[in-house]
Amino acid sequence: MDIIEIKNLSFRYKEKFIYDDFSLSIKRGSWTTIAGPNGAGKTTLVKILAGLYKNYSSITIFNKPYNKKNLLEIRKDIGFVFDVPDNYFVCETVEDELAFSLENMAMQPNTIRKKIKEVTELLNLKEFLKKNPSSLSGGEKQKIALACALVLEPRILILDESFMMVDVNERKRLLDIIKEYNKKKIVTIVSFTHNLEEAIYSDRLIVLNKGKIIVDGVYPSVFNEEFVMRKIGLEVPFMVELSQKLRVYNILDEINLDMDKVVSKLWK
């Protein structure tokens, strides 16, 4: 079942069309990665889905028209984690930040404490609860922003370059956690990124260029379109290049982004 449906979307900024007759459907419980170079239209699409750009007539979410009447109701079930975390924070401590949205929803104190405890343990953030968000590093702020989204238990989670400030090892840990969360909670995830390495976590990779879908497929077969990705300036993961070379020598029969699995195959 489609949880997000965009039909014949047209959007222009000043005199330039960013999207013209654009359509896209995303299934409930899936993880879709949307990648593309600068100017592809990723940020514009995020802002349209967030309701920051008024273009409701083309979009249906939760089988409801994404119009002015339904906007607030629909937005309650969507969590956003944007690329600039400083824009989130309004409270003096991380704990208060996590409680802020829950209090606005008139939840009972016991429920609020329980939800904060759950998300804190999930993301390993207990040491940050009494700290001021503004005192944290960029990567730490992005983790707190993720926690603020997850504490609301959204039905859809939209990630916009959400881990670009997080170091590689911690980013992998967070993506593993989100993948498990995606499967356990049946949460629909849409991640916007320039980092194609993240495609290994998703069910589907879409590559945008100038407001059009030029690649749409599942991992790992979608990386057979690596030439198209390179042509528009996307950096193809090293493991894709290696896999392609090993396929030439019949060492691998498919593209594999998992280094450990490739090494195991080579040593057999």
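Each chain carries its own residue numbering, running from 1 in the written order of its sequence. This being a predicted model, a pLDDT of at least 70 is required before a residue's local features are given, and a value of 80 or more before pairs of side-chain atoms are given or counted; all residues contribute to the totals for chains, interfaces and linings. Neither water nor hydrogens contribute to the side-chain values; these are computed over all heavy atoms in the structure.

A. Molecular detail of the sheet that holds strand 10 (residues 212-217). Strand pairing requires that DSSP identify at least two bridges connecting the strands. Put simply, DSSP marks the helices as runs of H or I at least four residues long and the strands as runs of E at least two long, and each gets a number from the N terminus on. The sheet built from six strands is open, its strands ordered 6-7-8-3-9-10 with mixed pairing. Looking at strand neighbours, the two that pair on one side only are strand 6 (78-81) and strand 10, the edges of this open sheet. Averaged over all pairs of adjacent strands, the angle between their axes in this sheet comes to 15 degrees, without regard to strand direction. As paired elements, strand 3 (residues 31-35) and strand 8 (residues 188-193) share five bridges and run parallel to each other. Along strand 8, the bridge assignment pairs Trp-31 with Ile-189. Lines fitted to C-alpha atoms define the axes here, with helix axes fitted over just the stretch in contact, and angles between the N-to-C directions of these axes take values from 0 to 180 degrees.

B. Layout of the pairing of strand 8. For strand 8, a buried count of six out of six residues is recorded, marking the element as mostly surrounded by other parts of the structure. Burial of strand 8 is two-sided: the residues Thr-188, Val-190 and Phe-192 facing one way and the residues Ile-189, Ser-191 and Thr-193 facing the other way are all buried. Relative to strand 8, strand 7 (residues 156-160) is paired through five bridges, and the arrangement is parallel. Of the residues in strand 8, the one forming a bridge with Ile-156 is Thr-188. Note on handedness: a crossover is taken as right-handed if, strands pointing away from the viewer, the path from the first strand over the helix to the second is clockwise. One crossover worth recording links strand 7 to the parallel strand 8 by way of helix 6 (residues 168-185), and it is right-handed. The buried label goes to any residue with under 20% of its type's maximum accessible area, the exposed label to any with over 50%, and the partly exposed label to all in between, with areas taken from a 1.4 Å probe on protein chains only.

C. Layout of the pairing of strand 2 (residues 16-27). Sheet topology note: the strand 1 (residues 2-13)/strand 2 ladder contains eight bridges and is antiparallel. Along strand 2, the bridge assignment pairs Glu-5 with Ser-25. In this antiparallel pair of consecutive strands, strand 1 and strand 2, the connection spans two residues, and Lys-14 shows a positive phi of 60 degrees.

D. A look at the packing of aromatic side chains. Planes of paired rings set the category: under 30 degrees apart is stacked, over 60 is edge-to-face and the rest tilted, where pairs are Phe, Tyr or Trp rings (Trp by its six-membered ring) whose centres lie within 6.5 Å. Across all of its chains, the model carries four aromatic pairs by this definition. Plain terms: the ring middles of Tyr-19 and Phe-22 are 4.7 Å apart, the flat faces sit at 55 degrees to each other, and that makes the pair tilted. When the ring centre of Phe-62 is taken as reference, the NZ or CZ atom of Arg-155 above it lies at 3.9 Å. Throughout this description, the term charge over a ring refers to an Arg CZ or Lys NZ atom that lies within 6 Å of the ring centre and within 35 degrees of the ring normal.

E. Up close: the sheet that holds strand 2. A sheet is described by the order of its strands in space; here four strands give the open sequence 2-1-4-5, paired in antiparallel fashion. Two strands close off the open sheet at either side, each with one partner strand: strand 2 and strand 5 (64-65). When strand 1 meets strand 4 (residues 59-61), the two strands line up antiparallel, connected through three bridges. Residue pairing across strands places Ile-4 opposite Ile-61, the latter belonging to strand 4. In this description, contact between two residues means that some pair of their heavy atoms is separated by no more than 4.5 Å. Lying on the sheet, helix 1 (residues 42-49) is in contact with strand 1, strand 2 and strand 4; it crosses strand 1 at an angle near 120 degrees.

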